[in-house]
Structures are given as C-alpha cells and as structure tokens.
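The chain contents come next:
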Amino acid sequence: MSITEAQLDAYAVLPDEELSALAKQGDRDAEETLVKRYTRLVRQLARPFYLAGGDSDDLIQEGMIGLMCGVREYDADRPAGFRTFAEICIRNRLYSAVRAAARDKHTPLNQSVPLEIPFFDGQGSIYGGMAGEDPQDLLIGREGVQDTLSHVRKQLSEFEAKILGYYLDGMTIREMAKAVSRSPKSVDNAVQRIRRKAARHLDSGGISKG
C-alpha cells in the first residue's frame, strides 16, 4: 500500500532523530523522508568539487550513499545530532571517493578541487573522521581555495556570479532557472562556462598548494 498524503504530512513534521529510529526499525517511509530532507545538503557538500572532465553527479551519488549510511547508523545516544552525524558521513564518503580516484590518474575525480574552504578539525582531519589522512594530498589549501574563488568570480558576468552562488547552495538547474527567470538550458550553459573558467585557471597553474 502506498503512503497516503496524510502519512506524508505526519512524517514531515517528525524530528530527524525520530525518523532515523523508525528507519532503523525498517520503516522505509521514514527513511525516504529523511533522504528527501537532506538531498539538498548532499548537493551543497558535493557541489564545491570541480570535476575537470567529469560529471558532478558522480560525487552527488557518493554523497547520497554517505547519507544513507548516516540514516542507518545514527545513534541517538551520541552527543551529536542527526544533521551533524549525517554531514560527517556525507563528507567522509565524498573525500573517500576523491582519495580512491586519486589512485587512478585516468579517473576524472583525480582532477577534483574544492570551490569552498573545507572544514577541518584541529587535528587536520575532517570532523575527526579521517585521522591519519593528510588533507593536502586531496585538497588545495585554504589560501588556494580563496584565490580560486576570487579569481573565477572576477571573470564572471553578473548572471554567472548569481548562478555560482545558487549552484554552491545546492540548487538544481530547474530551481536556479526559476529563481532567475531563465530557461534551464541557459542556466546549464552558465554552469558550464563557470567550470571552463575554473579549469583554465587550474591549467594555468594559478593555484598554489596550501
């Protein structure tokens, strides 16, 4: 039996932690509600990675796997709330994907660089979840990231700059198109132009390792 609209409304108002508990008990509707609730967060965390010659959907897919792990493994007895735990799971999955791809120089992910400053804890690991890993093996340093954003934004038109902001906020092409009253094709073209400008900056050696 498919879930009714009333049931959907009931799930929609439940807190994350309760939905996670239901999902762990096998409630598929609770699991689906949580996944839908955090799909945009997955896009926000995956978007900053520029995939030179690759497809951003690859990283979004990896992020969704991380989200599913968070839904199924969250423990309410831990001090962290569900959102914090889910974000750790998503980020770790994304960085693991980049690290794995870096071992294969022919893989597009090997050319990934972040377009936002990554969140590190005091030990250099991502929220403490990747102890022992050197983030500089995967990521451009904070100064380099800031330089990338500064350089690229200077080359963007007003329209492209607006699209970049929406893009990094995790909006879909259709959502961006509606926000700027343009066609999805026009928005997609702007995203591709932004990527090409970032790629040219990278190819020119304009980024220094942090």
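Some words on the packing of helix 2 (residues 16-24) against helix 3 (residues 28-46)
Now for step 1: At a minimum axis distance of 8 Å, the contact between helix 2 and helix 3 shows a crossing angle of 135°. Overall, the two elements helix 2 and helix 3 adopt an arrangement that is oblique. By crossing handedness, the relation of helix 2 to helix 3 is classed as left-handed. Contacts between helix 2 and helix 3 pair Asp16, Leu19, Ser20, Leu22 and Ala23 from the former with Ala30, Glu31, Thr33, Leu34, Arg37 and Tyr38 from the latter.
Now for step 2: Broken down by class, the residue content of the contact of helix 2 with helix 3 amounts to 6 nonpolar, 2 polar and 3 charged.

Things to note about the environment of Cys69
Now for step 1: Within the secondary structure layout, Cys69 lies in helix 4 (residues 56-73).
Now for step 2: Put simply, Cys69 and Cys89 are 20 residues apart on the chain and 6.8 Å apart in space, counted from C-alpha to C-alpha.

Here's the deal with the confidence of the model for the protein
Now for step 1: For the protein, per-residue confidence averages 75 on the pLDDT scale, and residues scoring 70 or more make up 65% of the total.
Now for step 2: When pLDDT is averaged over each helix and strand of the protein, the minimum, 51, is found for strand 2 (residues 113-114) and the maximum, 96, for helix 8 (residues 173-180).
Now for step 3: Counting contacts from residues 116-142, a segment whose pLDDT is below 50, to residues more than four positions away or on other chains yields 49 contacts.

The rules we used
The residue numbers shown here count from 1 along each chain, following its written sequence. Confidence filtering applies because this is a predicted model: local features only for residues at pLDDT of at least 70, side-chain atom pairs given and counted only at 80 or more, and all residues used for totals across whole chains, interfaces and linings. Excluding hydrogens and water, the side-chain figures rest on all heavy atoms present in the structure. Axis definition: a line fitted to C-alpha atoms, limited for helices to the stretch in contact. Angles are taken between N-to-C directions and run from 0 to 180 degrees. Secondary structure elements are taken from DSSP: a helix is a run of H or I of four residues or more, a strand is a run of E of two residues or more, and numbering for both begins at the N terminus. Angle categories are assigned with fixed cut-offs, so that under 35 degrees is roughly parallel, over 145 is roughly antiparallel, 65 to 115 is roughly perpendicular, and the rest are oblique. Working rule for handedness: look at the near helix, and if it is turned counterclockwise from the far one by less than a right angle, call the crossing left-handed; if clockwise, right-handed. We call two residues in contact when some of their heavy atoms are within 4.5 Å. In this classification, the charged set is Asp, Glu, Lys and Arg, the nonpolar set is Ala, Val, Leu, Ile, Met, Phe, Trp, Tyr, Cys and Pro, and all remaining amino acids, among them Gly, are polar. Scored from 0 to 100, pLDDT reflects the predictor's confidence in each residue.

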